[in-house]
Amino acid sequence: MSLLLAITREQWGLVFVTVIFILLFVVRIRSTLNPFVEPLLFQNGRYAIGILLAFLVSALGFSIPFLTPIMLTDMYNLSPGFIGLVMVPASLTAAILGKQGGKIADKKGNTLLFILAACFLILAFILLSLMIGSSLILILITMTLIIGQVGHTFIVIAMSGTVAGSLAKEQAGVGMGLMSMLNFIASSISAAFISLVIDRGTQSSWNPLYLFGEGTIYSNLYLIFTVSYAGLILIYFIRFGNKARWSNS
């Protein structure tokens, strides 16, 4: 809560309050006899990196359901009903293909699915960074929103499998529950950050190929997401790629 207040009210001193609460949490679980989260859980390096990546994936991925309606309203003056019509095909496609993502993870490994999903998201964010302010029909024809939503669904599946695979059976319940809690926190922080950035606005475009001035702030945000996912691919591959199952053999 203190971190959300720090972002929304721009009172950055509250960040130190957040740090204090985290330290108190660490002291608590290390001093009590029966902590609800065992400290040994965080000594598992693969799990620690996994939930950190899952946190970042949730924060970045929340831009699709949160930022897209804001962008469609601001840039194209769409009503809530039309925004739903624009976004429903992406959600339906992601729901239909979600099972295929699980099959890819089972047969080829979570690393392949993660990289595939991240590439989908990078492609979607690059296209959005370039096309915001152009014809909405062009965005729909290129299936940009569908690519992004499918990519987000796949990357969540990959991260869930990765984190679950890093845990012993007796730690699975607490470990996955903690990841779910952090995912909710990440979504809240992402919404607060995106709202703050949009409210502040910007006059300059960071994408040298962006040609439409009206949507500069959205173009910049999608460019940030693009670079961020490229970094996540690198971190994931370094930490988990060497133990990936790329095939059944």
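It should be emphasised that the depicted structure is a prediction, and the values quoted were computed from it without experimental measurement.

1. Quick notes on the overall build of the protein chain
Here comes step 1: The helix and strand inventory of the protein chain stands at 10 helices and zero strands.
Here comes step 2: Counting from the amino terminus, the protein chain carries its helices and strands in the arrangement α-α-α-α-α-α-α-α-α-α.
Here comes step 3: Relative to the compact-globule value of 18 Å for 249 residues, the protein chain shows a C-alpha radius of gyration of 19 Å, a close match.
Here comes step 4: Counting the 249 residues in the protein chain, one finds 41% classified as buried.
Here comes step 5: Of the side chains in the protein chain, 13 bear a positive and 7 a negative charge, and the two mean positions are spaced by 16 Å.

2. Comments concerning the packing of aromatic side chains
Here comes step 1: Applying the stated criterion to the full structure yields nine aromatic pairs.
Here comes step 2: Every member of this aromatic cluster is reached through a ring pair, and the members are F125, Y222, F225 and Y229.

3. Topic: helix α4 (residues 63-76)
Think of an α-helix as 3.6 residues a turn; residues three or four steps apart then line up on the same face.
Here comes step 1: Restricting attention to buried positions, one finds in α4 the residues S63, I64, L67, T68, M71, L72, M75 and Y76. The buried residues of α4 occupy an angular sector of 140° when projected down its axis, which confines them to one face.
Here comes step 2: Downstream of α4 by one or two residues, N77 has phi in the positive range, about 55°.

4. Thoughts on a nonpolar patch on the surface
Here comes step 1: Taken together, the side chains of W12, V15, V19 and L23 define a hydrophobic patch exposed on the protein surface, amounting to about 360 Å² of accessible area.
Here comes step 2: The topology assignment puts V15 in helix α2 (residues 14-31).

5. Quick look at the environment of L234
Here comes step 1: Structurally, the position occupied by L234 is in helix α10 (residues 216-240).
Here comes step 2: Once the C-alpha coordinates of L234 and I115 are considered, the two residues, 119 residues apart in sequence, prove to be 9.3 Å apart.

6. Some remarks on the packing of helix α3 (residues 45-61) against α10
Here comes step 1: As a packed pair, α3 and α10 sit with axes 11 Å apart at the nearest point and diverge in direction by 165°. Comparing their axes, α10 and α3 come out roughly antiparallel. The two elements α3 and α10 cross, and the hand of that crossing is left-handed. Residues G45, R46, I49, G50, L53, L56, V57, L60 and G61 of α3 form the contact with α10, whose participating residues are F225, S228, Y229, L232, I235, Y236, R239 and F240.
Here comes step 2: Here the residues of the contact of α3 with α10 are counted per class, giving 11 nonpolar, four polar and two charged.

About the cut-offs
- Residues numbered from 1 in each chain as written.
- Predicted model: local features only at pLDDT ≥ 70, side-chain atom pairs only at ≥ 80, totals over all residues.
- Heavy atoms only, no water.
- Helix = DSSP H or I, 4+ residues; strand = E, 2+ residues; numbered from the N terminus.
- Rg over C-alpha atoms; globule rule 2.2 N^0.38 Å.
- Buried < 20%, exposed > 50% of the residue type's maximum accessible area, 1.4 Å probe, protein only.
- Lys, Arg positive; Asp, Glu negative; His and termini not counted.
- Charge placed at Lys NZ, Arg CZ, Asp CG, Glu CD.
- Phe/Tyr/Trp six-rings, centres within 6.5 Å; stacked < 30°, edge-to-face > 60°.
- Arc of directions from axis to C-beta.
- Patch = residues over 30% accessible without salt bridge, like charges linked within 9 Å, V, L, I, M, F, W, Y side chains within 5 Å.
- Areas by Shrake-Rupley, 256 points an atom, 1.4 Å probe, with all protein chains shown as cover.
- Salt bridge = Lys/Arg side-chain N within 4 Å of Asp/Glu carboxyl O.
- Axes fitted to C-alpha atoms, helices over the stretch in contact; angles between N-to-C directions.
- Parallel < 35°, antiparallel > 145°, perpendicular 65-115°, else oblique.
- Left-handed = near helix turned anticlockwise from the far one by under 90°.
- Contact = heavy atoms within 4.5 Å.
- Nonpolar A, V, L, I, M, F, W, Y, C, P; charged D, E, K, R; others polar.

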